Amino acid sequence: MNLIKESNVQILEGASDWKEAVCQSVAPLERDGAVTESYKEAIIENVEQLGPYICIAPHVALPHARPEQGAVKSQIAVTLFRREVDFNREDAKASLFISLAAADSESHLDALMQITDILQDEERTAKILQARNVLELYQYFK
Amino acid sequence: MENIKKIMCFCGSGLGSSFMMEMNCKKALKSLGIEGVSVEHTTLADIMPGMADLFVCGEDLLPQAQKAGKAIGLKNLVSLPEMTDKLKGAFGI
């Protein structure tokens with residue numbers, strides 16, 4: 001997937017709460033200049049207002065906000081937390097964070113289609129959640 | 001069968017999960033053999049009553065969707081079986 005670079009894939013032990021998890025999962029995008037500092041705050045604000053809409057499937061979150069909320073270029077970062085992150089809502093837990101920066105409403109659609117296909121394969125998703133290292137994790141999204 | 005001609009999928013941002021739901025919705029309609037239904041995606045802020053015959057969103061946003069009309073809420077946004085099941089319910093088939 002051309003929006004994912006190996007340097008934007010990471011495995012972390014855990015986060016103290018979901019807000020920290022969002023910040024950590026967006027950090028590679030920020031470092032790369034794909035999003036501004038306000039992007040993570042926009043995601044956190046949206047979730048506080050609307051509920052955990054970024055939890056898209058069991059164990060999987062897709063942190064994202066609107067282009068005008070700080071997305072500069074379309075890019076995706078993948079973070080796997082060894083300890084599942086709790087969104088303080090029933091059912092809303094995630095360990096795989098696929099953070100999406102969409103600079104417009106088109107350029108990221110191919111990548112999202114591929115991610116949907118990956119996540120629809122339950123066996124593959126189970127393997128992703130057990131990835132032993134960054135390289136292995138990256139291979140699943142390549 | 002219910003007369004549903006337009007389905008609007010939406011999420012908090014209108015370009016991530018809503019698009020995933022749109023793709024899944026189209027796949028599910030195809031597998032159910034339902035034709036002639038347009039499916040689009042948008043953001044919660046742009047949802048208006050009457051803009052679609054059926055609204056599709058994540059479970060969390062279901063109360064807002066129901067204010068705009070007939071709606072289904074999904075637990076797993078990428079699950080094809082769940083989408084297919086709930087569409088069956090909405091279409092009454």
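Look up: the structure comes first, before these words.
These figures come from a predicted structure and were not determined experimentally. (Residues numbered from 1 in each chain as written. Chains lettered and ligands numbered in written order. Predicted model: local features only at pLDDT ≥ 70, side-chain atom pairs only at ≥ 80, totals over all residues.)

(A) Representation of the overall build of chain B within the structure. From N to C terminus, chain B includes three helices and four strands. Secondary structure elements of chain B occur, N-terminal to C-terminal, as β-α-β-β-α-β-α. Summarising its shape, the C-alpha atoms of chain B cover approximately 30 × 25 × 20 Å along the three principal directions. A burial count over chain B gives 48% of its 93 residues as buried. (Helix = DSSP H or I, 4+ residues; strand = E, 2+ residues; numbered from the N terminus. Buried ≥ 20, exposed ≤ 12 C-beta atoms within 10 Å, placed from the backbone.)

(B) Region of interest: the interface of chain B and chain A. The interface is formed by 20 residues belonging to chain B together with 22 residues belonging to chain A. Looking at which element gives the most residues to the side of chain B that touches chain A, the answer is helix 1 (residues 17-32) of chain B, with five residues. Classifying every residue of the side of chain B that touches chain A by side-chain character gives ten nonpolar, eight polar and two charged. (Contact = placed C-beta atoms within 7 Å. Nonpolar A, V, L, I, M, F, W, Y, C, P; charged D, E, K, R; others polar.)

(C) Expanded view of the sheet that holds strand 1 (residues 6-11) of chain B. Residue and element names in this part refer to chain B. Read from one edge to the other, the open sheet built from four strands follows the order 2-1-3-4, with strand pairing classed as parallel. Two strands lie at the open edges of the sheet, namely strand 2 (38-43) and strand 4 (71-74), each paired on one side alone. With strand direction ignored, the average angle separating the axes of adjacent strands in the sheet is 25°. Two elements, strand 3 (residues 54-58) and strand 4, share four bridges in a ladder whose sense is parallel. Its bridge partner lying in strand 4, C57 is registered against G73. With respect to the sheet, helix 1 is in contact with strand 1, strand 2, strand 3 and strand 4, its orientation differing from that of strand 2 by roughly 170°. (Pairing = 2+ DSSP bridges. Axes fitted to C-alpha atoms, helices over the stretch in contact; angles between N-to-C directions.)

(D) Quick peek at helix 2 (residues 38-50) of chain A. All names here are of chain A. Between the first and last C-alpha of helix 2 there are 18 Å, a value that for 13 residues agrees with the 18 Å anticipated at 1.5 Å per step. What helix 2 keeps buried is the set Y39, K40, A42, I43, N46 and V47. Here the buried residues of helix 2 occupy an arc of 155° about the axis, which is enough to place them on one side. The exposed residues of helix 2 that point more than 90 degrees off its buried face are S38, E48 and Q49. Summarising the contacts, the buried residues of helix 2 are in contact with helix 1 (18-31) and strand 5 (92-101). Where helix 2 terminates, the next one or two residues include G51, which has phi positive at roughly 90°. (Expected span 1.5 Å × (residues − 1). Arc of directions from axis to C-beta.)

(E) Spatial organisation of the sheet that holds strand 3 (residues 59-61) of chain A. Residues and elements named next belong to chain A. Strand order in this open sheet of five strands is 1-4-5-3-2, and the pairing throughout is mixed. The open sheet is flanked by strand 1 (4-12) and strand 2 (55-57), the only strands paired with a single partner. Across this sheet, the average inter-strand angle for adjacent strands is 35°, counted without regard to direction. For strand 3 and strand 5, the ladder comprises three bridges, and the chain directions are parallel. Looking across to strand 5, one finds that A61 is bridged to F97. In the packing of helix 1 onto the sheet, contacts are made with strand 1, strand 4 (75-89) and strand 5, and the angle to strand 4 comes to roughly 175°. In the packing of helix 5 (residues 134-141) onto the sheet, contacts are made with strand 1 and strand 4, and the angle to strand 1 comes to roughly 130°.

By themselves these figures say nothing about function.
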